[in-house]
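Overview (structure and organization)
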Amino acid sequence: MFDWLYSLFSNDLAIDLGTATTLTFVKGKGIVSHEPSVVAVQRTPMGGRRPFRFGFEAKEMLGRTPGNIEAIKPLKDGVIADFELTEKMLVYFINKAHQRRTLVKPRIIICVPAGITEVERKAVIDSALGAGAREVYLIEEPMAAAIGAGLPITEPSGNMIVDIGGGTTEVAVISLSGIVYAKSLRIGGNKLDESIINYLKKNHNFLVGEQTAENIKIQIGDALPVGDPMEMDIRGRDLIAGIPRTMHLNSLQVNEALAEPLQSIIDTIKEVLEQTPPELSADIVERGIVLTGGGALLRNLDLYIQEGTGLPASVCDNPEYAVVLGTGKALEEIRLLKEVTLVRQG
Ligand SMILES: Nc1ncnc2c1ncn2[C@@H]1O[C@H](COP(=O)(O)OP(=O)(O)OP(=O)(O)O)[C@@H](O)[C@H]1O
Ligand SMILES: [Mg+2]
């Protein structure tokens, strides 16, 4: 009875707390925000830190801050690296979602990478409680991604999901609302950016920042070049002359830069397939691999995975929203919530 009353006034939230991006979903409304997981802090003379910008505004500052300001990504490899700032960032997103109309503390469901440690889970729960949640549920990212991608997860058949985020790539086989086998690889979009930076440094004595590397990846990155190469001019610093310079880059060069991290994604998919019970493997051969996460937007990644594994692969619609939409769906369907959530606290 009270639960029902509560639900009338509360604004329950689903949060995809990602290494690169945090998305929030309000029950009955859908996705209400989609911003980078970045916090800008000001160093105080006493040695403290004062967070003063979050999300987009903070991301703009990455690599561009003067001495007393720092732009920090509080999550690394899919898990909380800076507890205090993660909590502050959650407070920001929760307040933003509710636009100060909260009557009751919200019930929050947050997704976490599959197979994170007890300590890492507790950090997520504590930061959500600290940020004002009444009750916290955790759901594993691949499960959320599979629900969001519309896979029939409650049926007794094997579904393979590959969620490629900023910090991690999670490969999982799901059947009967459970994860049969999963592997989390600490390689994602950030690693691809890093590989571009290293490639340019090593082969062209050319230094670019993280943001430029990400732009290169998004604009001309290609997992499996098939058509005409794409080109772009990039700005950075000539490491020999020590001065800013513009350089011409094409998609074949970027493809070469991305080869190693992309290969490790294929290797992980193969490892998971080797561990999958034969009946479920047969289902996967038939249904194919479904790709989710922002990283799945890399050009021709589906073809590359298809070629590398010999199995059909496809990117779901709006892959960057799959996890938050799946988490939101669990929030809206109490039966699903009970079936798929990991822990509940509060
Ligand atoms: N068009 C694109 N092409 C290639 N990569 C892209 C594109 N758009 C976004 N990305 C990459 O997707 C990544 C972010 O994906 P996503 O938002 O799913 O990550 P996340 O959920 O924050 O991270 P994680 O799940 O690892 O914690 C970034 O590395 C970003 O550069
Ligand atoms: Mg993610």
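Residues numbered from 1 in each chain as written. Chains lettered and ligands numbered in written order. Predicted model: local features only at pLDDT ≥ 70, side-chain atom pairs only at ≥ 80, totals over all residues. Heavy atoms only, no water.

Among the six residues that make up strand 2 (residues 21-26), five are buried, leaving the element largely enclosed by the rest of the structure. Here five bridges tie strand 1 (residues 13-17) to strand 2, and the two strands are oriented antiparallel to one another. Residue Leu17 lies in a different strand from strand 2, and its bridge partner there is Thr22. Adjacent in sequence and paired antiparallel, strand 1 and strand 2 are bridged by three residues. In this antiparallel pair of consecutive strands, strand 2 and strand 3 (residues 30-36), the connection spans three residues, and Gly28 shows a positive phi of 85°. (Buried < 20%, exposed > 50% of the residue type's maximum accessible area, 1.4 Å probe, protein only. Helix = DSSP H or I, 4+ residues; strand = E, 2+ residues; numbered from the N terminus. Pairing = 2+ DSSP bridges.)

Right, let's get into the domain arrangement of the chain. Often, the extent of an interface is quoted as the loss of accessible area on bringing the components together. The assigned domain composition of the chain is domain 1 (2-37 + 73-144 + 322-345) and domain 2 (151-315). Distance between the C-alpha centres of domain 1 and domain 2: 26 Å. Taken together, the contact pairs 18 residues of domain 1 with 19 residues of domain 2. Of the roughly 1,400 Å² buried at the junction of domain 1 and domain 2 (both faces included), carbon and sulfur atoms supply 59%. For the interface between domain 1 and domain 2, the tally reads two salt bridges. Counting across the domain 1 and domain 2 interface gives two residue pairs in polar contact (both at pLDDT 80 or more). Those elements giving two or more residues to the side of domain 1 that touches domain 2 turn out to be helix 5 (141-148), helix 11 (322-332) and helix 12 (334-340). (Domains from an automatic or database assignment. Contact = heavy atoms within 4.5 Å. Buried area = accessible area lost by both parts, 1.4 Å probe. Salt bridge = Lys/Arg side-chain N within 4 Å of Asp/Glu carboxyl O. Polar contact = N/O pair within 3.5 Å; in protein donor to acceptor, adjacent residues only side chain to side chain.)

Moving on, we come to the site of ligand 1. What surrounds ligand 1 is a group of 21 residues, the closest being Thr19, Ala20, Thr21, Glu214 and Lys217. Between ligand 1 and the protein, one listed contact pairs an oxygen atom with a backbone N or O atom of Ala20 at 2.7 Å. Backbone polar atom of Gly295 to an oxygen atom of ligand 1: 3.2 Å apart, as the coordinates give it. Here ligand 1 loses 89% of its free accessible area of 660 Å² to cover by the protein chains. Where the shell around ligand 1 is concerned, the elements lending two or more residues are helix 6 (189-204) and helix 7 (210-220). Here the shell around ligand 1 gets three residues from one element, more than from any other, and that element is helix 7. Classifying every residue of the shell around ligand 1 by side-chain character gives five nonpolar, 13 polar and three charged. (Near = heavy atom within 4 Å. Areas by Shrake-Rupley, 256 points an atom, 1.4 Å probe, with all protein chains shown as cover. Nonpolar A, V, L, I, M, F, W, Y, C, P; charged D, E, K, R; others polar.)

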